[in-house]
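# Structural overview
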Amino acid sequence: MNKYTSLIGIEQRSKTMYHPKEQILNILTYILLLVVAVCAIVLLCDLSSQRDGFFYSKKDGAVLDLSVSHTQEVLLRPDTEYRGQNVNCTFWDCLNIYKCEHDTLKVYIYPLQEFLDEKTDKVASTLSSEYFQILEAVHKSRYYTSNPNEACLFLPSLDLLNQDVFDKHLAGPALASLNFWDRGENHLIFNMLPGSAPNYNTILDVNIDNAIVLGGGFDSWTYRPGFDVSIPVWSPLVHQTNLLPAHAASHRKYLLVSAQLNLFPQNLRTLTDLTLTAKSADQILMLGLCDNKDLKSRCTLTKANPKRWEYPRVLGRGKFCFLGRSLRIGQPDLIEIMSQGCIPVIAIDNYVLPFEDVIDWSLAAVRVRESELHSVMRKLEAISNVKVVEMQKQVQWLYTNYFKDLKTITITALEILESRIFPLLARSSQQWNVVKRNSRSTFNPLFLTTLAPKSQGFTAVILTYDRVESLFLLIQKLAVVPSLQSILVIWNNQKKMPPHLSTFPTISKPLKIIQTRENKLSNRFYPYPEIETEAILTIDDDIIMLTSDELDFGYEVWREFPDHIVGFPSRIHVWDNATMRWHYESEWTNQISMVLTGAAFHHKYWSHMYTYAMPGDIKHWVDDHMNCEDIAMNFLVANITNNPPIKVTPRKKFKCPECTNTEMLSADLNHMRERSACIDRFAKIYGRMPLRTVEFRADPVLFRDNFPDKLKRYNDIGSL
């Protein structure tokens, strides 16, 4: 019975089954209809995401609405207590790094909201076009996420760029009402114009607690290094003019142009006095606001027939452009100056320049103390034309890469934050600052990697005249130094041919001889194309007492400090109150400020700078007087790096035992007096004393420890 029933059931089911071909056709039809339906849904979503300022995130379906017509209203009570920011915030205690779990920085943007006073309906802030561009730049960047749970940083949609146009008493409660505020932890605040009359503070007068400020008006007192980011103050005028090429020298008639409005009266008076005492009419161009108050033009400050100039294009008429203190430290003038390829001359003490954490402004700007503004023209005149063109190119490169529009400024600020949170993704200082050149060009040692490559070794440049016996002995000693790459002999005698190469000692390292056209001490610093290494050892032909270990150790120290001069004989400069002059001192002291280049390592970049960018007439004076080339090199490096030289090993006696005093240049009775005069002269040309005094030297580890010699890397280190 059960079997019969089962068979009946099978027969009935078989009668209702479709034919196999018909079944496949129905399945294909169903799939086709399903695909069409899905495509229609996706198309509708894409269309809705592009209209009315909506941006759609396919990851989680959230919609970021940047349309003003779709803002939410939030009622607030004004702040009665002002706390400001947490001045003690650092990267380590006010940033929750555990929210940054992804390999790249992720930023969440709050939806647009309109914050109102619950009693008066007063609006806390109105969205400006500039802040809208910032929000849009973040949203369209790789940093944006629509999911707050995966965000590392949070960006409020509340516009706080200009404190003059928002209510500071409502801004604090508006921030506190944000869903993820948590006393500002991991939040970003963009602000370009902080403070208000009459004090004009350099930080927002708003309760921002632990938030990171990306600000345009920081001084060294309010800036929190490694936490905040200094950004430029934007100017809408820069998009209305074209960038003037740096090489257009014919258009740059004036040495200094000052077109800034609202300068402090003291600075204005100083610049006016400099104009009256200028050597020529082409030195300073002083401009002010025209009678029609049009910000797009400037007029000369003469009462009779003032000449009108188009602004900011007129800034392109100057090599240097002045930026001084005004009511607010941060001014849009900086971007306007850079947009015209003009070199900023910044006379604002304690001003934290935009992106100062990564940009080396010494390559693109001149900083002058406000108290030394009266000497600014002498300082500018001392800068060589080669250096001026180099700085102008650097200004244009920085402007194009980091300042040209609000999108670029925003992305640069976020990249700086990303490099702090994810150090392995950070660019090197060289990548932030160096214009890409051909492979044969030399780089400023300030931008070298942390440790210079050891494989290159160093090139020994020997300056000699006719002391052949001492020269040959020195070559033999240098040849056994492991880190030596090659030897270059500079024969500085035009009256006598150098010995034939076959008479030189036989060594395993390359040896080349160059006979100079003139007997100049500066020949030792010429950037000869035969020098293929970054490191150069300049050494006199009579310095034969240094051991192989001492030279090898000196090179290792230079590798760790490639922007310093690293050498053996040291000297000090002292101020003489009796004569009111600088004095050159060679006696043994606890301090040093110079290392003599008769036996010293330096980066080949400094040879380029010495030859082509030495300020004033220093190089010509050295060649004429046959003295002080080593002092000039110490001044040059210290002025650019603000770093002292490094003395290595304790040795102090460097006299050649076989040489008589009559053969030694230092035996001249006037030698010391001339060197004191050199320091005085160079300090006046630089407009300051750049040499820095230190009380340390570098010795090998285990140098004086009571250990077996086989445990020490450097055993043969000379004594005093």
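So, here's what we can say about the structure. Only a predicted model underlies this, so the values are computations on that prediction, with no experimental measurement involved.

Here is what the cut-offs are and how they apply
Residues numbered from 1 in each chain as written. Predicted model: local features only at pLDDT ≥ 70, side-chain atom pairs only at ≥ 80, totals over all residues. Heavy atoms only, no water. Core = buried A, V, L, I, M, F, W, Y, C linked by side-chain atoms within 4.5 Å. Buried < 20%, exposed > 50% of the residue type's maximum accessible area, 1.4 Å probe, protein only. Helix = DSSP H or I, 4+ residues; strand = E, 2+ residues; numbered from the N terminus. Domains from an automatic or database assignment. Contact = heavy atoms within 4.5 Å. Pairing = 2+ DSSP bridges. Axes fitted to C-alpha atoms, helices over the stretch in contact; angles between N-to-C directions. Salt bridge = Lys/Arg side-chain N within 4 Å of Asp/Glu carboxyl O.

### Topic: the nonpolar core
- Residues Leu105, Phe320, Phe355 and Phe403 are the most contacted members of the largest nonpolar core, which totals 95 residues.
- In terms of residue count, helix H8 (residues 385–403) provides more of this core than any other element does, eight residues in total.
- Mapping this core onto the domain boundaries places at least three of its residues in each of domain 1 (72–215) and domain 2 (238–403).
- Setting aside anything within four residues of it in sequence, one finds Phe320 in contact with Leu255, Leu256, Val257, Cys342, Ile343, Val345, Val366, Leu380, Ile383 and Val388.

### What to know about helix H14 (residues 618–625)
- Residues of H14 that are buried: Ile618, Trp621, Val622 and Asp623.
- Considering only its buried residues, H14 is in contact with helix H13 (604–612), helix H15 (629–641) and helix H16 (671–686).
- Phi turns positive one or two residues past the end of H14, at Met626, with a value near 50°.

### Concerning the sheet that holds strand E18 (residues 484–491)
- Taking strand neighbours across the sheet as the criterion, the seven strands line up as E19-E18-E17-E20-E25-E21-E26 in an open arrangement whose pairing is mixed. On the outer flanks of this sheet lie strand E19 (511–515) and strand E26 (646–647), each paired with one strand and no other.
- In this sheet, E18 lies alongside strand E17 (residues 458–464) in parallel orientation, the contact comprising seven bridges. The partner of Thr464 across the bridge, within E18, is Trp491.
- Lying over the sheet, helix H11 (residues 468–479) contacts E17, E18, E19 and strand E20 (535–540), oriented at roughly 165° with respect to E18.

### Topic: the sheet that holds strand E9 (residues 229–230)
- Spatially, the three strands line up as an open sheet ordered E7-E8-E9, and their pairing is parallel. Looking at the sheet topology across the chains shown, the edges are occupied by strand E7 (188–191) and E9.
- Pairing analysis gives four bridges linking E7 to strand E8 (residues 212–215), with the strands arranged parallel. By the bridge assignment for E8, Leu188 is matched with Ile212.

### Quick notes on the pattern of salt bridges
- Scanning all chains against the criterion turns up 25 salt bridges.
- Across the pair Arg467 and Asp542 runs a salt bridge whose closest N-O atoms are separated by 3.7 Å. One end of the pair, Arg467, is in the loop between E17 and H11; the other, Asp542, is in the loop between E20 and helix H12 (548–560), with 75 residues separating them in the sequence.
- We classify Asp542 as buried; its relative accessible area is 6%.
- Each of Arg467, Asp541 and Asp542 takes part in one network of salt bridges that share partners.

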